[in-house]
Amino acid sequence: QVQLVESGGGLVQAGGSLRLSCAASGRTFSSNAMGWFRQAPGKEREFVAAIIWSRGRTYYTDSVKGRFTISRDNAKNTVYLQMNALKPEDTAVYYCAAQSSTYIVVDSIQAYDRWGQGTQVTVSS
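Computed from a prediction, not measured in an experiment: that's the story for all the values here.

Student: Help me understand the overall build of the chain, please; the structure alone is not making it clear to me.
Tutor: Check the secondary structure of the chain and you find zero helices and eleven strands. Tracing the chain from N to C terminus, the helices and strands come up as β-β-β-β-β-β-β-β-β-β-β. Relative to its 125 residues, the chain shows a buried fraction of 42%. For the chain, contacts bridging at least 24 residues in sequence account for 57% of all contacts bridging at least 6. Summing over all exposed atoms, the chain offers an accessible surface of approximately 6,600 Å²; the carbon and sulfur share of this is 45%.

Rendered as structure tokens:
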């Protein structure tokens, strides 16, 4: 069974940077897309970014465009989320997710079938 483990969260001041990592492990890892979602206290989980594993095409929600970058390392089965110019409103638990379906929907929670445990990102003002 595929497991996803996030790391890299923490506390940072507004304007700072963090890089999140999501390492996939298990007997067989086969994913068509990987995504990052986040959930702030009292709010629903929301899409942040996604990458098509084979082609490397990337997608972002509007609020992070130009500030966040998603990337992958095929050899390590790892996805990264580089977060720059962080804002207090970016504070949330960030989750990594994997989608195995060949019919890819990058921003739908229901389309992802594997999730990590989450990592806390806190941005102070």
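Still more ground to cover, so stick around.
Student: Explanation requested: the environment of threonine 91 in the structure shown.
Tutor: With respect to the helices and strands, threonine 91 occurs in the loop between β8 (78-83) and β9 (92-99). Polar contacts involving the side chain of threonine 91 include one to the main-chain carbonyl oxygen of proline 88, which spans 2.9 Å. Reaching out from threonine 91, the side chain makes a polar contact with the backbone nitrogen of valine 123 at a distance of 2.9 Å.

Student: Help me understand the nonpolar core in this model?
Tutor: Here is a general trend for soluble globular proteins: nonpolar side chains tend to be buried in one another's company. Counting residues in hydrophobic clusters, the biggest one holds 27 residues, and the most contacted among them are Met34, Trp36, Leu81, Met83 and Tyr94. Elements supplying a minimum of two residues to this core: β3 (18-25), β4 (33-39), β5 (46-52), β7 (68-73), β8, β9 and β11 (119-124). Discounting chain neighbours no more than four positions away, the residues touching tyrosine 94 are Glu6, Leu20, Trp36, Phe37, Arg38, Val48, Phe68, Leu81, Met83, Gly118, Thr119 and Val121. Counting nine residues, the second largest nonpolar core, distinct from the first, contains Phe37, Ala50, Ala97 and Tyr112.

Student: Where do I start with the sheet that holds β3 in this structure?
Tutor: Neighbouring strands of a sheet are bound in pairs by backbone hydrogen bonds; such pairs are parallel or else antiparallel. Read from one edge of the open sheet, four strands run β1-β3-β8-β7, paired in antiparallel fashion. The outermost strands of the open sheet, each flanked by one partner alone, are β1 (3-7) and β7. Mean inter-strand twist for the sheet, computed between neighbouring axes without regard to direction, equals 15°. The sheet contact formed by β1 and β3 spans five bridges and is antiparallel. By the bridge assignment for β3, glutamine 3 is matched with serine 25.

Student: Explain the environment of tryptophan 36 to me, please; I cannot follow it from the model alone.
Tutor: Structurally, tryptophan 36 can be placed in strand β4. Sequence-wise, tryptophan 36 and tyrosine 80 are 44 residues apart; in three dimensions their C-alpha atoms are separated by 9.1 Å.

Reading guide: rules and limits
- Residues numbered from 1 in each chain as written.
- Predicted model: local features only at pLDDT ≥ 70, side-chain atom pairs only at ≥ 80, totals over all residues.
- Heavy atoms only, no water.
- Helix = DSSP H or I, 4+ residues; strand = E, 2+ residues; numbered from the N terminus.
- Buried < 20%, exposed > 50% of the residue type's maximum accessible area, 1.4 Å probe, protein only.
- Contact = heavy atoms within 4.5 Å.
- Areas by Shrake-Rupley, 256 points an atom, 1.4 Å probe, with all protein chains shown as cover.
- Polar contact = N/O pair within 3.5 Å; in protein donor to acceptor, adjacent residues only side chain to side chain.
- Core = buried A, V, L, I, M, F, W, Y, C linked by side-chain atoms within 4.5 Å.
- Pairing = 2+ DSSP bridges.
- Axes fitted to C-alpha atoms, helices over the stretch in contact; angles between N-to-C directions.

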